[in-house]
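Observations on the three-dimensional arrangement
Chain residues, written in single-letter form:
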Amino acid sequence: DTAVSQTPKYLVTQMGNDKSIKCEQNLGHDTMYWYKQDSKKFLKIMFSYNNKELIINETVPNRFSPKSPDKAHLNLHINSLELGDSAVYFCASSQVGQGGGYTFGSGTRLTVV
Amino acid sequence: DQQVKQNSPSLSVQEGRISILNCDYTNSMFDYFLWYKKYPAEGPTFLISISSIKDKNEDGRFTVFLNKSAKHLSLHIVPSQPGDSAVYFCAARFLLSTLTFGKGTLLTVNP
């Protein structure tokens, strides 16, 4: 039983396309996140949602739009993909009061060609 | 602006010896620190954490030490095992902020 699942695991697409990455968690957590790991290996926060509401939106181009239909899902839609969007995107979830640790998905490797 | 720094990109140790992974931070507001372990093609998994009110936390072979005055923490793995070979990320937060991660250190434990 996967706790945080992301699909797809790999995504290769051309510049200018629009793509979505889906994330679901079955842990009952109330907060979900998107992190980006770029070529320099840093894990950088992009968005944070708490109970379907956007809490944090770091400096991310508005081509990136998260959507949370319910607190178990946080999808990431990217418009007009650029070469610099190539990275590994990780979804994560957490629950306040449970030690502060995040449970991560296995990541989506996005390659824009 | 790297608030959490892991200055050693890699570390190699012999099986059975101690592995020491280091992490420095610049934000004195951080009050909770965590270590994550990551295997290739998988997401990071939580390993151990420490609150700023403590200076040591131990869990089996893993011990995290926190030196607040030096803004430094370290993860000790004793004894190291080949299965410990992975990338280790240090992370920090204050209050209920999101986690800020370091760049990671690749640990290789040689049989």
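Residues numbered from 1 in each chain as written. Chains lettered and ligands numbered in written order. Predicted model: local features only at pLDDT ≥ 70, side-chain atom pairs only at ≥ 80, totals over all residues. Heavy atoms only, no water.

Things to note about the state of the cysteines
Keep this limit in mind: Any pair of cysteine sulfurs within 2.5 Å is marked as a disulfide. Under the scheme used here, helices are H or I runs from DSSP no shorter than 4 residues and strands are E runs no shorter than 2 residues, and both carry numbers assigned from the N terminus. Buried means the residue's accessible area, taken with a 1.4 Å probe over protein chains only, is under 20% of the maximum for its type, while exposed means over 50%, and partly exposed covers the values in between.
For the coordinates displayed, the defined rule picks out 2 disulfides over all chains. Each sulfur in the disulfide pair A:Cys23 and A:Cys91 lies 1.8 Å from the other. Because the sign of the S-S torsion sets the handedness, a value of about -75° for the bond joining A:Cys23 and A:Cys91 places this disulfide among the left-handed ones. With A:Cys23 in strand E3 (residues 19-25) and A:Cys91 in strand E9 (residues 87-94), this residue pair connects regions lying 68 residues apart in the sequence. The disulfide that involves B:Cys23 links it to B:Cys90, with 2.0 Å between the sulfurs. One disulfide, between B:Cys23 and B:Cys90, carries an S-S torsion of -75° and so falls in the left-handed class. With B:Cys23 in strand E3 (residues 19-25) and B:Cys90 in strand E9 (residues 86-93), this residue pair connects regions lying 67 residues apart in the sequence. By relative accessible area, which is 0% here, B:Cys23 ends up buried. B:Cys90 gets classed as buried once you look at its relative accessible area, which sits at 1%.

What to know about the side chain of B:Ser80
Residue and element names in this part refer to chain B. The following threshold applies: In protein, a polar contact requires one atom able to donate a hydrogen and another able to accept it; more generally it is a pair of N or O atoms within 3.5 Å, and residues adjacent in sequence count only if both atoms are side-chain atoms. Here a residue-residue contact requires only that any non-hydrogen atoms of the pair lie within 4.5 Å.
Take Ser80: it is sitting in the loop between strand E8 (72-77) and E9. Overall, the relative accessible area of 1% leaves Ser80 in the buried class. Only 2.6 Å separates the side chain of Ser80 from the side chain of Ser19, close enough to count as a polar contact. Within polar-contact distance, the side chain of Ser80 engages the backbone oxygen of Ile77 at 3.4 Å. Not counting residues up to four positions away in its chain, the partners in contact with Ser80 are Val13, Gln14, Glu15, Gly16, Arg17, Ile18, Ser19, Arg61 and Val109.

Quick word on the nonpolar core
Rule in force here: Put simply, buried Ala, Val, Leu, Ile, Met, Phe, Trp, Tyr and Cys residues joined by side-chain atoms within 4.5 Å make one nonpolar core.
Counting residues in hydrophobic clusters, the biggest one holds 23 residues, and the most contacted among them are B:Phe33, B:Trp35, B:Leu73, B:Leu75 and B:Tyr88. For this core, the secondary structure elements donating two or more residues are E3, strand E4 (32-38), strand E5 (45-51), strand E7 (62-67), E8, E9 and strand E11 (105-110) of chain B. By residue number, the principal contributor to this core is E9(B), which donates 4 residues. If you look at the next biggest cluster of nonpolar residues, it comprises 20 residues, including A:Leu11, A:Met46, A:Phe47 and A:Ala87.

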